[in-house]
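# Notes for the structure review
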Amino acid sequence: MSINGGEGKAEGIYSGSELKIREQESEIVFLREILEKYKEELEYYKAQVEKLMAPPLIEATLLEILPDGRALVKSSSGPMLVVQILETIDRNLLKPGASVALNQRGSAIVEVLPRFEDPYVKAFEVIERPNISYSDIGGLDEQIIELRETVELPLKNPHIFRIMGIEPPKGVLLYGPPGCGKTLLAKAVAHEVNATFIRIVASELAQKFIGEGARIVKEIFSLARRKAPSIILIDEIDAIASKRLDVGTSGEREIHRTLTQLLAEIDGFDPLDNVKVLATTNRIDVLDPAILRPGRFDRIIEIPLPNLRGRYEIFKIHTRKMPLSNDVDLIELSKLTEGATGADIKTICIEAALKAIRIGRELVYKEDFVEAIKKVMRNRYRPYAFYNMNNRDSTEANRYHL
Ligand code: ATP
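In this report, the structure presented in the accompanying data block is examined.

Reading the values: the criteria
Residues numbered from 1 in each chain as written. Predicted model: local features only at pLDDT ≥ 70, side-chain atom pairs only at ≥ 80, totals over all residues. Heavy atoms only, no water. 1 Å grid on protein atoms, 1.4 Å probe; cavity = no way out; pocket = protein on both sides within 12 Å on 5 of 7 lines; lining within 4 Å. Points joined across faces, edges and corners; volume = space filled by probe spheres on them. Helix = DSSP H or I, 4+ residues; strand = E, 2+ residues; numbered from the N terminus. Nonpolar A, V, L, I, M, F, W, Y, C, P; charged D, E, K, R; others polar. Domains from an automatic or database assignment. Near = heavy atom within 4 Å. Polar contact = N/O pair within 3.5 Å; in protein donor to acceptor, adjacent residues only side chain to side chain. Areas by Shrake-Rupley, 256 points an atom, 1.4 Å probe, with all protein chains shown as cover. Phe/Tyr/Trp six-rings, centres within 6.5 Å; stacked < 30°, edge-to-face > 60°. Buried < 20%, exposed > 50% of the residue type's maximum accessible area, 1.4 Å probe, protein only. Lys NZ or Arg CZ within 6 Å of the ring centre and 35° of its normal.

### Remarks on the layout of surface pockets
Space inside the largest pocket adds up to approximately 530 Å³. As for the largest pocket, its lining consists of 26 residues, of which G179, C180, G181, L184 and A343 are closest to the centre. Listing elements by their share of the lining of the largest pocket, those giving two or more residues are α5 (182–192), β8 (196–201), β10 (275–281), α9 (308–318) and α11 (342–359). For the lining of the largest pocket, a count of residues per class yields 10 nonpolar, 9 polar and 7 charged. Counting residues domain by domain, the lining of the largest pocket receives three or more from each of domain 3 (121–302) and domain 4 (308–401).

Below, the structure is given as structure tokens:
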């Protein structure tokens, strides 16, 4: 092995013993590095063992700071305690209601815990203010007007309803085929009134959180009240509110408990509270009439498959920022997509643009759209096509002279 001395000495100038010394020196450097690494690892494992051996802290809720600087807390195990506060704790965080950790003897606050929601609630979609506006929704003008009257107006101007002595609907049911803009509508209303948007999927309550449904419903409503104004959207409500439910098995009893809790929550709040509940379903025919009673989901709005004009508007929305070639005629594309949902049209626009990118073009051509339409519409199973039966395109075409 040859070693370069690094001080201007050429290779091969060391005598045999010098070479040995050099080799041993570099061996020592190498061993020191390894030793450092092992020391670091040892520290890490020591810290881990310490964590494992540490006794658990006690969670408590701060009730009050006493004049002498101590704190009155209610520990999660039950009793109220007067405890000391560790000097290092930021006093600004110590607000009544804050979650704190006490040392294992329960004699002092040693940490302020972050405010935590129920982990199940976290699993659902909570958006402070969705960034969807009415201009992002195509072909649903009448439905938007109705939602503005029933949800937006009472949230923005509850006093008008008080003056008139009338009660706005507590809940609104949106029904129609999937992918036609129900969620979009609910988000747009939340955006308009600056509300928190909370979305839960009822079928998940029934399948994923077995035994927890009723508790989660309760927690979601209390979260909505804390974050008010808020809009709760219950997707696929038929999963917990089907009239065909025969309360025989334990699973069905559990679903029934979830529904009962939901109805109790809705019955329990004032129509002029700043929490509104929207629900969606694709199967209005199977819904239990109990949820449609006055004071519950007593406003029902149909969100149908888009007609010719609707499809045209949805195409306009999803090609707003797209560089289109002159040969792209959105009316023509709308005619080619009878039976498509809003979600289909969005997919078609994305597919067309992707094809243009693949070819290396910076403009999207008509042929890209035609191919995308074929791809998306081909072999689609459309169980909801009947929703459009009263909305035939031929009459629409006459109306818009297409
Ligand atoms: P589901 O019943 O499956 O929840 P949905 O009716 O709630 O369906 P959305 O989630 O609102 O459907 O729509 C899916 C996507 O399709 C939206 O993100 C949007 O991009 C597009 N889309 C659907 N309907 C419209 C519409 N009317 N205008 C513009 N885009 C739409």
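This is not the end of the story, as more comes after the structure.
### So, the site of the ligand
The full set close to the ligand counts 18 residues, and G138, G179, K182, T183 and H318 are the nearest of them. Measuring from an oxygen atom of the ligand, one finds a backbone N or O atom of G181 at 3.1 Å. Within the side chain of T183, an N or O atom sits 2.5 Å from an oxygen atom of the ligand. Here the ligand loses 81% of its free accessible area of 630 Å² to cover by the protein chains.

### Brief notes about empty space enclosed by the protein
Counted by the stated rule, this structure contains 1 cavity of 30 Å³ or more. Volume-wise, the largest cavity comes out at about 40 Å³. Taken together, G138, G139, L140, G179, C180, P304, P306, I314 and G342 form the lining of the largest cavity. Across the lining of the largest cavity, the residue classes break down as 5 nonpolar, 4 polar and no charged.

### Topic: the packing of aromatic side chains
Under the criterion given, the structure shown has 2 aromatic pairs. With centroids separated by 6.4 Å and ring planes inclined at 75 degrees, the aromatic side chains of F315 and F369 adopt a geometry described as edge-to-face. Here the residue F315 occupies a position in helix α9, and F369 occupies one in helix α12 (residues 366–377), the gap between them amounting to 54 residues. The same class applies to F315 as to F369, namely buried. The ring of Y365 is capped by R361, whose NZ or CZ atom sits 4.2 Å from the centre of that ring.

### Quick notes on the side chain of E152
Note that E152 resides in helix α3 (residues 141–156). At 3.0 Å, the side chain of E152 forms a polar contact with the side chain of R148.

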